[in-house]
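# Fold and geometry: a report
As a plain string of letters, each chain reads:
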Amino acid sequence: SLHPEKVFSSKENEAKTPISSIYHTFSGNHFITTLPNGTLNLYQTSRPKLAKTTYSKKYGCTSATFTGRGSDGSTPQSCIVASSIPNSTSDMKSNHAIRLLDLNTNSFSKYFNGHIDQVISLWGAPWMSEGFCSSSIDGTIKIWDQRSNSEISSLNLNCKSEIVIGCDPSGQ
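Residues numbered from 1 in each chain as written. Predicted model: local features only at pLDDT ≥ 70, side-chain atom pairs only at ≥ 80, totals over all residues. Heavy atoms only, no water.

### Description of the overall build of the protein
Tallying secondary structure elements over the protein gives 1 helix and 12 strands in all. Along the chain direction, N to C, the helices and strands of the protein fall in the order β-β-β-β-β-β-α-β-β-β-β-β-β. In the structure as shown, the protein presents an accessible area of about 9000 Å², 52% of it carried by carbon and sulfur atoms. (Helix = DSSP H or I, 4+ residues; strand = E, 2+ residues; numbered from the N terminus. Areas by Shrake-Rupley, 256 points an atom, 1.4 Å probe, with all protein chains shown as cover.)

In structure tokens:
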């Protein structure tokens, strides 16, 4: 039978807000949650503790992930965030940009443009220390290199659907 091993509590005012995504580090020492109101919570798993709360109020957040960098178990310094609120710009690609968020300064240091519709899934690739994958309602899956802010590869599935991605941690 199933039973909770640990209970991670959130701030009182967020207790009734649904979690839109949850993602753990490759070491398993931390995980991050996103809330529809633009809140990102970083938790330590060694003890049920909220380590840090940061916000993406301007762009919102549908999901967040970590890259392979920092997979040694140390506290993550950054995360990749998919926006839930499009920019007011007329450039469709920047409306659905993915952003690299510095968790220490709460500022976005890099932008990844390429999707033309809402990004719904992010996945950090442990076998690519500087890379991650994304999928969008535009029917594409993209692999990104965070050092160059550009996509490495793109797969167009020619469908308008919610595609969720995930890979074996070994890269197989």
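Structure's up, so let's keep going.
### Examining unusual backbone geometry
The residue Asn149 is not glycine, and still its phi comes out positive at about 60 degrees. By secondary structure assignment, the location of Asn149 is in the loop between β11 (140–145) and β12 (150–156). Of note, the phi angle at Asn158 is positive, near 50 degrees, even though the residue is not glycine. Summarising the element assignment, Asn158 is placed in the segment after β12. Note on Asn158: relative accessible area 68%, which makes it exposed. (Buried < 20%, exposed > 50% of the residue type's maximum accessible area, 1.4 Å probe, protein only.)

### Let's talk about the pattern of salt bridges
According to the stated counting rule, one finds 2 salt bridges in the structure shown. Salt-bridge contacts for Lys142 lead to Glu151; the nearest nitrogen and oxygen are separated by 3.2 Å. Judged by its relative accessible area of 33%, Glu151 is partly exposed. (Salt bridge = Lys/Arg side-chain N within 4 Å of Asp/Glu carboxyl O.)

### Regarding the packing of aromatic side chains
In the structure shown here, the tally under the stated rule is 7 aromatic pairs. Seen in terms of ring centroids, Tyr23 and Phe66 are 6.3 Å apart; in terms of plane orientation they differ by 50 degrees. Their pairing is tilted. One end of the pair, Tyr23, is in strand β1 (residues 21–24); the other, Phe66, is in the loop between β5 (63–65) and β6 (78–82), and 43 residues separate them in sequence. Neither residue differs from the other here; Tyr23 and Phe66 are each classed as buried. Where Phe112 meets Trp144, the ring centres are 5.8 Å apart and the plane angle is 65 degrees; that geometry is what we call edge-to-face. Placement of Phe112 in strand β8 (residues 107–112) and of Trp144 in strand β11 is noted, with a sequence separation of 32 residues between them. (Phe/Tyr/Trp six-rings, centres within 6.5 Å; stacked < 30°, edge-to-face > 60°.)

### Focus: the sheet that holds β6
Read from one edge of the open sheet, 4 strands run β5-β6-β7-β8, paired in antiparallel fashion. Of all the strands in the sheet, just β5 and β8 have a single pairing partner and so form its edges. Pairs of neighbouring strands in the sheet enclose a mean axial angle of 30 degrees, with direction left out of account. The pairing of β6 with strand β7 (residues 98–102) spans 5 bridges and is antiparallel. Each bridged residue has a counterpart across the sheet, and for Ile80 the counterpart in β7 is Leu100. (Pairing = 2+ DSSP bridges. Axes fitted to C-alpha atoms, helices over the stretch in contact; angles between N-to-C directions.)

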